[in-house]
Amino acid sequence: MTEMSDLRSSYWIDSAPGTPHPPLDRDVTVDVAVIGGGVAGLSTAWELTRAGLSVAVLEAGRIAEGVTGHTSAKLSALQSLVYSRLRHVHGTEGARLYARSQTEAIEHVAEVAELLGVDCEWEHRDAYTYARSPHRVAELRAEAAAAREAGLAASFVTETDLPFPVAGAVRATGQAQFHPRKYLLALADDLRAQGALVHEHTSVFGLQEDGACQVTAETGAQVTARDVVVATHYPVFDRALLFTRLTPRREIVIAAPLPVELAPSGMYITPEEDTRSVRTAPYEDGKRLLIVVGEKFTPGTGDPAVRFDRLLKWTAAHFPDAEPRYAWATQDTFPCDSAPLVGLLHPTARHTYVATGFGGWGMSGGIMAGSLLTALITGSEPPPWKDLYTPRRVRSVLRAAPRFLRNQADVAHHFVGDRVRPSTVTSVDRLPRDSGAIVRLDGRRSAVYRDVDGKLHALSARCTHMGCLVAFNSAERAWECPCHGSRFDTDGQVVQGPATRELEQRDI
Ligand code: FES
C-alpha cells in the first residue's frame with residue numbers, strides 16, 4: 001500500500017527551491033517589521049517597500065514554505081459556497097465587497113508579475129463549485145444567485161469537463177491559477193533589491209507596543225519599528241484572543257502527472273466527501289500535473305493515513321492515467337463569520353496589525369491583506385472593504401454565533417473529554433516502531449513516539465498553547481492539537497502555531 005511518505009512532498013517547493021536568507025543576528029531599526037514570510041507577509045512587505053517604507057521580514061522557517069508552500073494555489077473569487085454564507089452574515093453589501101476585494105487581488109497578481117517580469121505560470125481559468133448529489137442542486141443554484149448578486153460572472157451549469165457526471169455546478173469565469181512560489185520568491189528578490197531585510201530561521205517571542213514597537217527574536221536580536229504586522233497563519237501574538245474565532249482544518253494533497261489531453265481545464269471544488277478540489281498545473285513532457293485536495297479534518301483527530309488512502313483511491317478511480325508523485329498536507333484557519341481578519345491586532349492597538357483566517361483561500365486573501373494593511377499603515381485612502389475585514393467587528397460574529405459556539409464546544413470537548421479517555425496503549429512496550437501514542441508515564445499522560453530504530457521519544461502530551469492533549473498523526477509523523485491546530489515534531493519542536501513553546505521532554 002502506498003503511504004504518504006513514499007511520495008515526494010510539496011511540488012511547489014520541489015520545483016522552486018529558492019535561495020536561503022540569513023537569520024537576523026543584529027539589532028535593526030525599520031519603519032515596519034513583518035512577522036511571517038508567507039503570502040500575506042511577503043505581499044504586505046512588498047507593497048510597503050514600494051510605498052517607500054523600510055521593512056524587515058522575519059520568518060521562523062523558510063519564506064513561502066509553510067502554509068503558502070502547501071496550497072493548491074487557486075486564485076479564485078468563487079470559493080465553494082461562501083457567498084450564501086457572506087450574504088447571511090455580512091449582508092448583500094458585505095458579499096459585494098468581498099467579491100470585489102478578492103477579484104482585485106487576483107488582477108493585482110497579474111499586474112505585479114508583469115511589472116517584475118516573472119513567469120509564475122499564470123493561467124486564466126474558470127472556477128467551479130460542483131455537487132454530484134441531486135440533493136445539493138438547490139444549494140448550488142442559491143450560491144450561483146448569491147455570487148452573481150455579489151458581482152461575479154457566475155452561473156448555474158450542469159456540464160463540466162470533469163471525467164464524471166455532476167448534478168450541477170456554479171461556474172465563475174475570469175478566475176486564475178499560478179505557481180505561488182515562483183511569484184513570491186520573485187517578490188522576495190525584489191524586496192531585497194529595494195533594500196528591505198528578509199530573514200529566515202528567525203523566530204520571535206517578544207513584542208513590546210509602548211512607544212516604538214520592539215520585536216525580539218530568539219537569536220537575541222531586536223527590531224525596532226513604528227509598525228508591526230503579524231502574518232503568521234495563526235497570530236503568534238494573539239492579544240485579542242482571535243483563536244476563539246478561528247477553526248483549524250487540515251487537508252491531504254496528491255499531485256500526479258496526467259497526459260495533457262486528459263487534464264480538465266477548470267478549477268473545481270465540492271463540499272461533498274469532506275471536500276474534493278481539482279486543478280492542474282503545467283508539467284513536463286506533454287503532461288499536466290493533476291492536483292487533488294480533500295479529506296478535510298480537524299488536526300489530531302481520526303487517522304490521516306486512512307484519509308490519504310481514501311484520497312489516493314478516489315484519484316485512481318477518477319483519473320486512472322494519473323501517476324501519484326507528490327503528497328503533502330495543508331492546514332488552514334476558518335473564521336466563524338467567513339471573512340478573514342485583517343486590521344489592527346487588538347482593540348487598543350495603534351501600530352500593530354494582523355492578517356489571519358483566510359479559510360483555505362489564502363492566495364487571493366493574503367494578497368488582498370497586503371494592499372489593505374499597506375493603506376492602513378501609510379495612511380492612504382483605505383479600500384471600501386476595510387470594515388468587512390476588521391478584527392474589531394462584532395455584529396457579524398454575533399450573527400455567526402451558532403458556528404462560534406459550536407467551535408468552542410468542540411474545544412471544550414477535547415479539553416475535557418480527551419483527559420478522561422483511556423490511553424491508546426497501556427505500555428510503551430506495546431508501541432510498534434515508527435508509531436506514536438499517548439501513554440501514562442509515572443501517572444502523567446505522555447506523548448511517546450518509537451522511531452524506526454526502536455528509540456523512544458517521550459514528551460508531555462499537554463499542548464503548550466492552552467493545555468489540550470495532542471494526538472499522533474502517523475501519516476506525517478507529528479503531534480497535533482485538536483483544539484486550535486498547533487503541531488509539533490516527534491522531538492516536541494513547534495511546527496505550527498498558535499503554540500510557540502516546544503512540548504516538555506519526559507524521561508523514559
Ligand atoms: Fe490551543 Fe493546543 S493549540 S490548546
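Residues numbered from 1 in each chain as written. Predicted model: local features only at pLDDT ≥ 70, side-chain atom pairs only at ≥ 80, totals over all residues. Heavy atoms only, no water.

Novice: In this structure, what is going on with the overall build of the protein? I would like to understand it.
Specialist: Broken down by element type, the protein carries 10 helices and 24 strands. Against the globule reference of 23 Å for 508 residues, the protein gives a C-alpha radius of gyration of 22 Å, in line with a compact fold. Considered along the principal axes of its C-alpha atoms, the protein spans approximately 60 × 60 × 50 Å. Within the protein, counting contacts between residues at least 6 apart in sequence, those at least 24 apart form 70% of the total. Taking the average location of the 54 positive side-chain charges in the protein and that of its 61 negative ones, the two points are 6 Å from each other. (Helix = DSSP H or I, 4+ residues; strand = E, 2+ residues; numbered from the N terminus. Rg over C-alpha atoms; globule rule 2.2 N^0.38 Å. Contact = heavy atoms within 4.5 Å. Lys, Arg positive; Asp, Glu negative; His and termini not counted. Charge placed at Lys NZ, Arg CZ, Asp CG, Glu CD.)

Novice: Can you help me understand the state of the cysteines in this one?
Specialist: Every disulfide links exactly two cysteines, by a covalent bond between their sulfur atoms. One pass over the full model with this rule turns up one disulfide. There is a disulfide in this structure between Cys468 and Cys483, and the S-S distance comes to 2.0 Å. Looking along the S-S bond of the Cys468-Cys483 disulfide, the torsion reads about -85°, which is the left-handed sense. Of this pair, Cys468 sits in the loop between β20 (456-460) and β21 (471-473) while Cys483 is found in the loop between β22 (478-480) and β23 (487-488), placing the two residues 15 residues apart along the sequence. (Disulfide = S-S within 2.5 Å.)

Novice: What is the right way to read the pattern of salt bridges from this model?
Specialist: Pairing of side chains with opposite charge becomes possible as their charged atoms draw close. One pass over the structure, following the stated rule, counts 26 salt bridges. A salt bridge links Arg125 to Glu123, with the nearest nitrogen and oxygen atoms 3.5 Å apart. One continuous salt-bridge network, built from bridges that share partners, spans Asp274, Arg276, Glu295, Arg307 and Arg310. (Salt bridge = Lys/Arg side-chain N within 4 Å of Asp/Glu carboxyl O.)

Novice: What's the story with helix α6 (residues 304-318) in this structure? I'm lost.
Specialist: Given 3.6 residues per turn, any residue in an α-helix points the same way as the ones three and four places further on. Over its 15 residues, α6 runs 21 Å from end to end, which matches the ideal 21 Å to within 8%, given 1.5 Å per residue. Listed as buried for α6 are Pro304, Arg307, Phe308, Asp309, Leu311, Leu312, Trp314, Thr315 and His318. At its buried positions, α6 is contacted by β4 (123-131), β11 (246-259), β13 (276-282), β14 (287-297), β15 (326-335) and β21. The residue sitting at the N-terminus of α6 and contributing the capping side-chain oxygen is Asp303; that oxygen lies 2.9 Å from the backbone nitrogen of Ala305. (Expected span 1.5 Å × (residues − 1). Buried < 20%, exposed > 50% of the residue type's maximum accessible area, 1.4 Å probe, protein only. Polar contact = N/O pair within 3.5 Å; in protein donor to acceptor, adjacent residues only side chain to side chain.)

Novice: Teacher, can you tell me more about the sheet that holds β23 here?
Specialist: Backbone hydrogen bonds are what pair the strands of a sheet, in a parallel or an antiparallel way. Here four strands make up an open sheet; going across it, the order is β21-β22-β23-β24 and the pairing antiparallel. In this open sheet, the two edge strands, each paired with only one partner strand, are β21 and β24 (494-496). Pairing of β21 with β22 involves three bridges; the strand directions are antiparallel. Across the sheet, the residue bridging to Ala471 is Glu480, located in β22. (Pairing = 2+ DSSP bridges.)

Novice: Explain the packing of helix α2 (residues 39-50) against helix α3 (residues 82-116) here, please?
Specialist: Pairs of packed helices are described in terms of their axes, by the angle between the two and the distance that separates them. Running from N to C, α2 and α3 cross one another at 60°; their axes reach a closest spacing of 14 Å. As judged from the angle between their axes, α2 and α3 are oblique. Here α2 and α3 pass one another in a crossing that is left-handed. Of α3, the residues touching α2 (which contributes Trp46, Glu47 and Arg50) are His108, Val112, Leu115 and Leu116. (Axes fitted to C-alpha atoms, helices over the stretch in contact; angles between N-to-C directions. Parallel < 35°, antiparallel > 145°, perpendicular 65-115°, else oblique. Left-handed = near helix turned anticlockwise from the far one by under 90°.)

Structural measurements only, silent on function.
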